[in-house]
Amino acid sequence: MRIADLRRIGEAEAIRSYCAQICVRIADRKVSMRRMQTVFGRIWADLKSFRIALFALLLYNVLARGLFHAFCPQLILTGFPCAGCGMTRAVVYILTGRFARGMQLNPAAPLWILFLGWFFANRYLRGVQPRQTKVFLALVCVITLAVYVYRMIYFFPGEPPMVYHANNIFSRLIK
């Protein structure tokens, strides 16, 4: 065989190899697209199932914030913060790298991040609902309530969100 023939064989093999790589990439994309469609299908099915509750929550949010400038029903009624007060801000701070500020707002936030990440990965990515879900949720709720009681005893009133709001419904009714 001549050197030119060996080059052509090498080039042909390189072309075949390259084509095989492209086929694998296309197949991987099809698989990942099917997987994404499955995940989004699961999410969409849940959104459709809970559409009335989501609409009610959205309506409550608009009305509560418009009338009382707060979202928390306990805060609106009594003026006292609830166990979840500051949770959204705490999660945002933790996820954006300001861990200390997030822990200051609500020390239970990392547990909720872990639980929700685990729950969404199982429910939407894997398509399963492990038996431990309720146990894990109960544990996170109990710890959140314990943190709340501790904060109410030792840090109330203090820095937000652990402050009393005098403009609440019960105080208006008593006056």
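What comes next concerns the included structure. Values in this document were obtained by computation on a predicted structure and should not be read as measured data.

Side note on the pattern of salt bridges
If charged atoms from side chains of opposite charge come close, those side chains can pair. Evaluation of the coordinates by the stated rule reveals one salt bridge. Of the charged contacts in the structure, one is a salt bridge between D46 and R123, with a shortest N-O distance of 2.6 Å. Of this pair, D46 sits in helix 1 (residues 3–49) while R123 is found in helix 6 (residues 109–126), placing the two residues 77 residues apart along the sequence. Given the relative accessible area of 12%, D46 is considered buried. A residue is classified by how much of its surface remains accessible, and R123, at 25% relative accessible area, is partly exposed.

Some words on the environment of F99
Secondary-structure assignment places F99 in helix 5 (residues 99–105). For F99 and P110, which are eleven residues apart along the polypeptide, the C-alpha to C-alpha distance reads 9.2 Å. With sequence-adjacent residues up to four places away left out, F99 is seen in contact with Y93, I94 and P110.

Structural notes on unusual backbone geometry
With omega at -20 degrees, the peptide bond leading from F156 into P157 counts as cis. Turning to its location among the elements, P157 is positioned in the loop between helix 7 (133–154) and helix 8 (169–174). The phi angle at H69 is positive, at roughly 55 degrees, despite the residue not being glycine. Counting through the fold element by element, H69 comes out in the loop between helix 2 (51–68) and helix 3 (73–78).

Notes on the packing of aromatic side chains
With the rule as written, the count across this model stands at twelve aromatic pairs. Judged by centre distance (6.2 Å) and plane angle (90 degrees), the rings of W112 and F115 are edge-to-face. Taken together, the positions of W112 and F115, both in helix 6 and three residues apart, correspond to about one turn of that helix. Comparing W112 with F115, the two get one shared label, buried. Here the aromatic cluster, defined as three or more aromatic residues joined through ring pairs, consists of W112, F115, W118, F119, F120, Y124 and F136.

Some words on the side chain of N168
Tracing the sequence through the fold places N168 in the loop between helix 7 and helix 8. Polar contacts involving the side chain of N168 include one to the side chain of Y164, which spans 3.0 Å. Polar side-chain contacts of N168 include one of 2.8 Å to the backbone nitrogen of S171. Ignoring anything within four residues of it in the chain, the contact list for N168 reads L75, I76, L77, T78 and G79.

Focus on the state of the cysteines
Here the structure, examined in full by the defined rule, presents zero disulfides. Of all cysteine sulfurs in the structure, the one in C82 sits closest to C72, which takes part in no disulfide; the separation is 3.3 Å.

Description of the packing of helix 6 against helix 7
As a packed pair, helix 6 and helix 7 sit with axes 10 Å apart at the nearest point and diverge in direction by 165 degrees. The orientation of helix 6 relative to helix 7 falls into the category roughly antiparallel. For the pair helix 6 and helix 7, the sense of crossing is left-handed. Packed against helix 6, whose contacting residues are L111, W112, F115, W118 and F119, the element helix 7 presents T133, F136, L137, V140, C141, I143 and T144 at the interface. Of the residues belonging to the contact of helix 6 with helix 7, the class tally is ten nonpolar, two polar and no charged.

The rules behind each value
Residues numbered from 1 in each chain as written. Predicted model: local features only at pLDDT ≥ 70, side-chain atom pairs only at ≥ 80, totals over all residues. Heavy atoms only, no water. Salt bridge = Lys/Arg side-chain N within 4 Å of Asp/Glu carboxyl O. Helix = DSSP H or I, 4+ residues; strand = E, 2+ residues; numbered from the N terminus. Buried < 20%, exposed > 50% of the residue type's maximum accessible area, 1.4 Å probe, protein only. Contact = heavy atoms within 4.5 Å. Phe/Tyr/Trp six-rings, centres within 6.5 Å; stacked < 30°, edge-to-face > 60°. Polar contact = N/O pair within 3.5 Å; in protein donor to acceptor, adjacent residues only side chain to side chain. Disulfide = S-S within 2.5 Å. Axes fitted to C-alpha atoms, helices over the stretch in contact; angles between N-to-C directions. Parallel < 35°, antiparallel > 145°, perpendicular 65-115°, else oblique. Left-handed = near helix turned anticlockwise from the far one by under 90°. Nonpolar A, V, L, I, M, F, W, Y, C, P; charged D, E, K, R; others polar.

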